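Understanding the architecture of this molecule
The lines below spell out each chain.
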Amino acid sequence: MSQKIPGFSTLAIHAGAKPDPATGARITPIYQTTGYVFDDADHAASLFGLKAFGNIYTRIMNPTQAVLEERIAALEGGTAALATASGHSAQHLIFHTIMRPGENFVAARKLYGGSINQFGHAFQNYGWEVRWGDVNDVSTFESQIDDKTRAIFIESLANPGGEFVDIEAIGNIARKHGLPLIVDNTLATPYLVRPLEHGADIIVHSLTKFIGGHGNSMGGMIVDGGTFDWSKSGNYPMLSEPRPEYGGVVLHETFGNFAFAIACRVLGLRDIGPAISPFNAFQILTGCETLPLRMQRHCDNAITVAGWLSNHPKVAWVSYPGLAGDKNHALQKRYSPRGAGAVFTFGLKGGYEAGVKLVEGLELFSHLANLGDTRSLVIHPASTTHRQLTDEQKIAAGAGPDTVRLSIGIEDSNDIVADLEQALAKV
Ligand SMILES: *Cc1c(COP(=O)(O)O)cnc(C)c1O
């Protein structure tokens, strides 16, 4: 073996995995066990005291999960990672590790709807305040930072309209103020964008979407970039102060550039408990092997469909950064030259009624709330996910009455176009 770092497609298949030492099994087994036998009492004591690495209990770690963690860390270029039961639980563990009551963070206003709820409602119960910034005017992030701010949070490719974000510009603000930049890389995946190369410190994923890729398993991931100094400001005591339950260990001092991933595991996952099931970790590992192939096909199909829609007489507008005239086209070329992703929105001249008719007329597309499946998916946000909002709020969220969101699958592109064509004919 040469010393060279393998390419992305090789890592997607091999990173973290080797034949099972006990059986020779080539595929990573599903280690469906809750506990692990200790060698002896000393071994058990050193595991519990964080003096040695090893399996104790599947709420904290599991060998199938460990392979998935190593693989995603390699694909993102991070130092370590932690898998969780869902994308939302990964976000919860990240903020649990860095926030105390009365502190705040600045997040992009345009996010996955579930993240807007989690930050704006659930986090209030912990006394963690979210402030909203506009990624099209990065000064709105900086102007809201004060001495209680602990992080900045953005999506690399934002829901639901498929907009690329200038990660470097926001990373510069984070660095200037001594804050970690957290990037949700779910919609882009590391195949398209590697945020750690552009100034991010922590990556979060919903593995439920493109990385698992088959719409069959929930999962989340936290990737530690190893770039942030958790001790400098004294504002991150979970990492920089002695932990009484681990015999006074200071996590940042002991674990250095992977201390954040360790803290999320041994303080967050241990106490809050959203462990990924070994079966789901296995399913997602299998999906991950074809990520580069699928992602390219998703993008190639999406540009074909977006281009076709933009010439259709019943379509008012298409928001897809891969199209030459799109306001996000320059950012896409800079951050994601392989493609513009597979989730985007378009508007129908017929408004709300037309949106409902279209969704009902589609046959190949599935009408549901997920995205990043091999199958093409459609949703009309105004009559479903954003139903409770006023028209004004819907428009602000990028989900006006005429808006339809597509997640383009990896079927034959002419079949996807044909389905849209027959459904549009009925509108
Ligand atoms: C789905 C999604 C999440 C939440 O992940 P779950 O696995 O559903 O908990 C977070 N961010 C983005 C961008 C998503 O698409």
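As a reminder, the structure under discussion sits directly above these lines.
Residues numbered from 1 in each chain as written. Predicted model: local features only at pLDDT ≥ 70, side-chain atom pairs only at ≥ 80, totals over all residues. Heavy atoms only, no water.

1. Overview of the sheet that holds strand β14 (residues 403–407)
Pairing in this open sheet of 5 strands is mixed, and the strands run β10-β11-β14-β13-β12 from one edge to the other. Edge positions in the sheet fall to β10 (315–319) and β12 (366–367), since each of these pairs with one other strand and no more. Two strands pair when backbone bridges link them, and strand β13 (residues 377–379) and β14 are joined in this way by 3 bridges, in the antiparallel orientation. By the bridge assignment for β14, Val-378 is matched with Leu-406. Sheet strands in contact with helix α15 (residues 351–361) are β11 (343–348), β12, β13 and β14, and its direction is about 125 degrees off that of β11. (Pairing = 2+ DSSP bridges. Helix = DSSP H or I, 4+ residues; strand = E, 2+ residues; numbered from the N terminus. Contact = heavy atoms within 4.5 Å. Axes fitted to C-alpha atoms, helices over the stretch in contact; angles between N-to-C directions.)

2. Some details on the packing of helix α3 (residues 63–76) against helix α12 (residues 278–289)
A packed helix pair is summarised by two numbers, namely the angle formed by the two axes and the spacing between the axes. Interaxial distance between α3 and α12 falls to 8 Å at its minimum, and their mutual angle equals 35 degrees. Regarding α3 and α12, the two cross each other, and that crossing is left-handed. Where α3 approaches α12, its residues Thr-64, Gln-65, Val-67, Leu-68, Arg-71, Ile-72 and Leu-75 are matched on the opposing element by Pro-278, Ala-281, Phe-282, Ile-284, Leu-285, Cys-288 and Glu-289. (Left-handed = near helix turned anticlockwise from the far one by under 90°.)

3. A look at the environment of Gly-273
Of note, Gly-273 is situated in the loop between α11 (259–272) and α12. Separated by 215 residues in sequence, Gly-273 and Thr-58 place their C-alpha atoms 10.0 Å apart. Excluding its chain neighbours within four sequence positions, the residues that come into contact with Gly-273 are Arg-59 and Gly-268.

4. Quick look at the sheet that holds strand β7 (residues 181–184)
Taken in spatial order, the 7 strands make up an open sheet running β1-β9-β8-β7-β4-β2-β3, and their pairing is mixed. A strand with exactly one partner marks an edge of an open sheet, and here the two such strands are β1 (80–84) and β3 (129–133). Taking the axes of each pair of neighbouring strands and ignoring which way they run, one obtains an average angle of 20 degrees across the sheet. Bridging between strand β2 (residues 104–108) and β3 involves 5 bridges; their strand directions are parallel. The residue of β3 that forms the bridge with Asn-104 is Glu-129. Here α11 sits on the sheet and contacts β1, β8 (202–206) and β9 (220–224); the angle it forms with β1, its principal contact strand, is near 30 degrees.

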